[in-house]
Amino acid sequence: MKDFNGDRVICYGRNDLAAGIFKSRCIDLLINADNTLVKSVNDAIEMHQCKLTVEQIPELFESFSEGEAERLANILFSKSCAYVNRKMNEIGLCRLYGDVELQYKSLFWNLLRESGATKAIVGSDMASLLLEYPACLGDILENKILVNRFGCEIKEAMVVNPEISVSLIISRLAVEDENRRQIFAQLPYLQGHRLAHDSLPRRR
């Protein structure tokens, strides 16, 4: 993945302390929407985040005439959707994800879902991605569409990466000590996987 870039837009909700922090950057993107070229997947994600900011905190853009900020945001989003769909067909999921900057590693999946680009993913793509970037398991498990379509590939990745799997399971179920071991009785695809079981902390 690419290095973290703190200058790019991230949409923070209205009630977040960071809400509006990227107002100036969003305005720059909106003003140049008609002429902007999408040169990377990070550009595409940023355009999507700009659109979400306009939708969620419209009062930040009162300097625009009525409806203008929304119109320009939709132009940006249209360009971002076209880019990711084209790139998914040209270079595939694994290479596209490898170009993502760290601050966008979770938001990448939001754009793929909203743009419809997840339809281009096939099982071999997901298997290759999870093999090279197993740390993205948590983000993928948050995406119901991907979980439903690629259950087998996800289960295999969880077995191959027991430490990541155990950490995800524990963090989501928020259980401790012996209760953690009961998790595996509920997960047939991890049952009997001694490495995963043995990695759980023992009470002394």
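Owing to the predicted nature of the structure, the values given are computational and were not obtained by experimental measurement.

### Observations concerning the overall build of the protein chain
Looking only at helices and strands, the protein chain features 12 helices and zero strands. Accessible surface, the protein chain: about 11200 Å² in total, of which carbon and sulfur atoms supply 49%.

### Section: the pattern of salt bridges
All told, the structure shown has 11 salt bridges when counted by the stated rule. Across the salt bridge formed by glutamate 101 and arginine 8, the nearest N and O atoms sit 2.8 Å from each other. In this pair, glutamate 101 is assigned in the loop between α4 (92-98) and α5 (107-115) and arginine 8 in the segment before α1 (23-31), connecting sequence segments 93 residues apart. There is no split in this pair, since glutamate 101 and arginine 8 are both buried. Close ionic contact of arginine 71 with glutamate 68 constitutes a salt bridge, the shortest N to O distance being 2.8 Å. On the criterion of helical spacing, the pair formed by arginine 71 and glutamate 68 is a turn pair, its members being three residues apart in helix α3 (residues 68-90). The exposure class assigned to arginine 71 is partly exposed, which follows from its relative accessible area of 39%.

### Here we look at the nonpolar core
Formed by 55 residues in total, the largest nonpolar core has its most connected members in Leu30, Phe108 and Trp109. The biggest single contributor to this core is α3, with nine residues. Setting aside residues no more than four positions away along its own chain, leucine 30 makes contact with Cys50, Val54, Phe61, Phe64, Ala69, Leu72, Ala73 and Leu76.

### Some remarks on the packing of aromatic side chains
Counted under the stated rule, the structure contains five aromatic pairs. Aromatic pair phenylalanine 108 and tryptophan 109: ring centres 5.0 Å apart, planes at 80 degrees, arrangement edge-to-face. Members of the aromatic cluster, connected to one another through ring pairs, are Tyr97, Phe108, Trp109 and Tyr133. Positioned above the aromatic ring of phenylalanine 77, the side-chain terminus of lysine 51 is 4.8 Å from the ring centre.

### As for the state of the cysteines
Going through the model one piece at a time under the given rule, you end up with zero disulfides. The thiol of cysteine 26 is not disulfide-bonded; the next cysteine sulfur, from cysteine 50, is found 3.9 Å away.

### Some remarks on α5
The set of residues buried in α5 consists of Leu107, Phe108, Trp109, Leu111, Leu112 and Ser115. Taken together, the buried residues of α5 touch α2 (41-56), α3, α4, α6 (123-132), α7 (137-141) and α8 (144-149). Just downstream of α5, glycine 116 is the residue with a positive phi angle, here 80 degrees.

### Describing the environment of valine 54
Note that valine 54 resides in helix α2. Once residues within four sequence positions are removed from consideration, valine 54 is found in contact with Leu30, Phe61, Ala69, Glu70 and Ala73.

### What to know about the packing of α2 against α3
Interaxial distance between α2 and α3 falls to 8 Å at its minimum, and their mutual angle equals 150 degrees. Put simply, α2 runs roughly antiparallel to α3. The crossing of α2 and α3 is left-handed. Contact residues: α2 offers Val41, Ala44, Met47, His48, Cys50, Lys51 and Val54, while α3 offers Ala69, Glu70, Ala73, Asn74, Leu76, Phe77, Lys79, Ser80, Tyr83 and Val84. Residues belonging to the contact of α2 with α3 are distributed by class as follows: 11 nonpolar, three polar and three charged.

### Some details on the side chain of serine 80
Note that serine 80 resides in helix α3. With relative accessibility at 0%, the residue serine 80 sits in the buried group.

### Let's talk about α6
Along an α-helix, residues three or four apart share an orientation, since each turn contains 3.6 residues. When α6 is considered as a whole, its buried residues turn out to be Met126, Leu129 and Leu130. Down the axis of α6, the buried side of the element spans an arc of 95 degrees, and every buried residue falls inside it. Looking at the buried positions of α6, the neighbouring elements they touch are α4, α5, α7, α8 and α9 (151-160).

The rules behind the values
Residues numbered from 1 in each chain as written. Predicted model: local features only at pLDDT ≥ 70, side-chain atom pairs only at ≥ 80, totals over all residues. Heavy atoms only, no water. Helix = DSSP H or I, 4+ residues; strand = E, 2+ residues; numbered from the N terminus. Areas by Shrake-Rupley, 256 points an atom, 1.4 Å probe, with all protein chains shown as cover. Salt bridge = Lys/Arg side-chain N within 4 Å of Asp/Glu carboxyl O. Buried < 20%, exposed > 50% of the residue type's maximum accessible area, 1.4 Å probe, protein only. Core = buried A, V, L, I, M, F, W, Y, C linked by side-chain atoms within 4.5 Å. Contact = heavy atoms within 4.5 Å. Phe/Tyr/Trp six-rings, centres within 6.5 Å; stacked < 30°, edge-to-face > 60°. Lys NZ or Arg CZ within 6 Å of the ring centre and 35° of its normal. Disulfide = S-S within 2.5 Å. Axes fitted to C-alpha atoms, helices over the stretch in contact; angles between N-to-C directions. Parallel < 35°, antiparallel > 145°, perpendicular 65-115°, else oblique. Left-handed = near helix turned anticlockwise from the far one by under 90°. Nonpolar A, V, L, I, M, F, W, Y, C, P; charged D, E, K, R; others polar. Arc of directions from axis to C-beta.

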